[in-house]
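Residue strings, one per chain:
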Amino acid sequence: MHIKSSGSAVKKGKKIYSGIFRDGGAGSRAKSRFRKRRRDLMKKEDRLIVLTGVPYGPGQETTWAYAHAPTYQEPTVMYLTGINQSEVILLLDPGSKESDEILFVRKKDPKKEFWDGIRFGVGDPASIREVKRVTGVKDVQDIDDFDTIFRKRLAKRKKKQVGTFWLESTKSGRRRTIKTDHNWKFKKRIEGLLRKVNAPKGCLTNIMQSHFELRLPLDAYDIANTRKAQAITGDAFKETLNNFSKFDNEYRVQGFLEGQMLMNSPYGLSFPGIIAAGHNATVLHYMKNDDPIGKGELVLLDFGVRWMTMHADISRTVPASGKFNPMQRILYEVVLEAQLAVEKFACAGVTIAELNDRCWETLQRGLDEKFYALGGKSKMAYKGRPHGVSHLMGEQEHDGDPFREYGVEPMKPGWMISNEPGLYGKFRWKHQGRVYDEEIGIRIEDNLLITKTGCINLSKGIPKRVSEIERLMARPRRK
Ligand SMILES: [Mn+2]
């Protein structure tokens, strides 16, 4: 691996704040980048906008801090401010003559900082200067004053309209909402405040749609960060293939692969990896990762690392022995062909629903022509399609509305999607006097950046051809 240490996200001398501010790779331009994002939102939504960060860090809902996820901020707030700290609120007041942006943070608490490290806090002038310098928000207030300031700002606005963010379906007839997260809780709190001041009914609206329209197409920094995440993820994968004969259990593969990724990124994993040998790979979200790896088995790996706030989400399926057997090879190449067909077809204007049609039709045809026609038999737990071939990616590994209504929207340049056909089931084939009989899961996943004329495969450098994988696994092993 030849990846230089990342350094911190914030200039030297300001290093103490590097854990709580993600400049998104924009460096000294971070301030104008975040400010532009907030302006664009205000242009789209001319109302009082209030957005909450996460109420606590990962694990802190229990007794003590357990910060296992280096980036944990609510993505709306992360996207607009870069602040990776719990208990913040962003208020946008388009057109206000006082200040059109206010960031609310907690009071400085040296006792808390003794345990959990430094935070941006009211009452510490140096910290407030820093938060203004990095985010470009000029007005920073105590979060305890939020209710009062919110009411004052609302009273001053001619149109009593308020926007906030919560996750809901907007297209399908049945209204579905996520009611378990901090965004919903915050929405309820705002509704309570509005009731107190007798605000008109229906004055609170969801900015989800506008926000996603702005957030989903990645900018140049996001794309650079994504490329970096891909490079680290790919190098870790290649290194893992070189060492594969050492791994007799799924958890050892996971430890090695994730160790290689984490050694080269301070931003954490995109998600806990799936390392599934043999029949375990037929469980789509297998997470146990502690079974022995059988000699002739295929091993499915679904993994990736973050860089800044961008993610890699890669799947590869490799033979534990270093060589695919004839049946594994046929099935693998059928999946790969479907994946290449999706990549060829992906383009702005096309929908993910159409990608699905292309993917699963190609895969079925491949199975018919290259497996069933040769006498192969199969038994699957599903009919036709095991899962969607693509999901949106960005600030979150699965980005966009959680109900995936974006699947029927024409894709836009700058969207990043996964391309992940899979095949899962029992397969049997008699060939040259041998019987191959295996329960197999194969998934091959790349990440694509949609452009006007097609797409860029950001994962191009991560080996997936049978010959490449076998070559990397056959390299002389280090002792
Ligand atoms: Mn994925």
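Here the structure is a predicted model, which means the values were calculated and not measured.

## A look at the overall build of the chain
Phase 1 of the analysis: Tallying secondary structure elements over the chain gives twelve helices and 18 strands in all.
Phase 2 of the analysis: Each of the three principal axes of the chain carries a C-alpha extent, and together these read 85 × 55 × 40 Å.
Phase 3 of the analysis: For the chain, with 479 residues in total, the buried portion stands at 41%.
Phase 4 of the analysis: Across the chain, every contact between residues at least 6 apart in sequence was considered, and the portion connecting residues at least 24 apart equals 71%.

## Focus on the confidence of the model for the chain
Phase 1 of the analysis: Confidence in the prediction for the chain averages 92 pLDDT; 93% of positions are at 70 or higher.
Phase 2 of the analysis: Within the model, the stretch residues 1–13 combines pLDDT values under 50 with 21 contacts to residues more than four positions away or in other chains.
Phase 3 of the analysis: In the model, residues 62–67 has pLDDT below 50 throughout and makes nine contacts with residues more than four positions away in sequence or in other chains.

## Here's the deal with the nonpolar core
Phase 1 of the analysis: Val299, Leu331, Val334, Val335 and Ile442 are the most contacted members of the largest nonpolar core, which has 73 residues in total.
Phase 2 of the analysis: Element by element, the count of residues in this core is highest for helix H10 (residues 326–345), at nine residues.
Phase 3 of the analysis: The contacts of Leu331, once residues within four sequence positions are left out, are Phe371, Leu423, Phe427, Ile440 and Ile442.
Phase 4 of the analysis: One finds Tyr17, Ala30, Leu103 and Val137 within the second-largest nonpolar core, a separate group that totals 36 residues.

The rules behind these values
- Here the residue index of a chain counts from 1 through its sequence in written order.
- For this predicted model, a pLDDT threshold of at least 70 governs which residues receive local features, and a threshold of 80 or more governs which side-chain atom pairs are given and counted, while totals over whole chains, interfaces and linings are taken from all residues.
- Numbering of helices and strands runs from the N terminus, with a helix taken as a DSSP run of H or I at least four residues long and a strand as a DSSP run of E at least two residues long.
- The burial label depends on the number of other C-beta atoms within 10 Å of a residue's C-beta. Counts of 20 or more mean buried, 12 or fewer mean exposed, and intermediate counts mean partly exposed, with C-beta atoms placed from the backbone.
- Note that contacts rest on C-beta atoms placed from the backbone: two residues are in contact if these are within 7 Å.
- pLDDT measures how confident the predictor is about each residue, on a scale from 0 to 100.
- For the purposes of this analysis, a nonpolar core is taken to be any set of buried Ala, Val, Leu, Ile, Met, Phe, Trp, Tyr and Cys residues that are connected through C-beta atoms within 7 Å.

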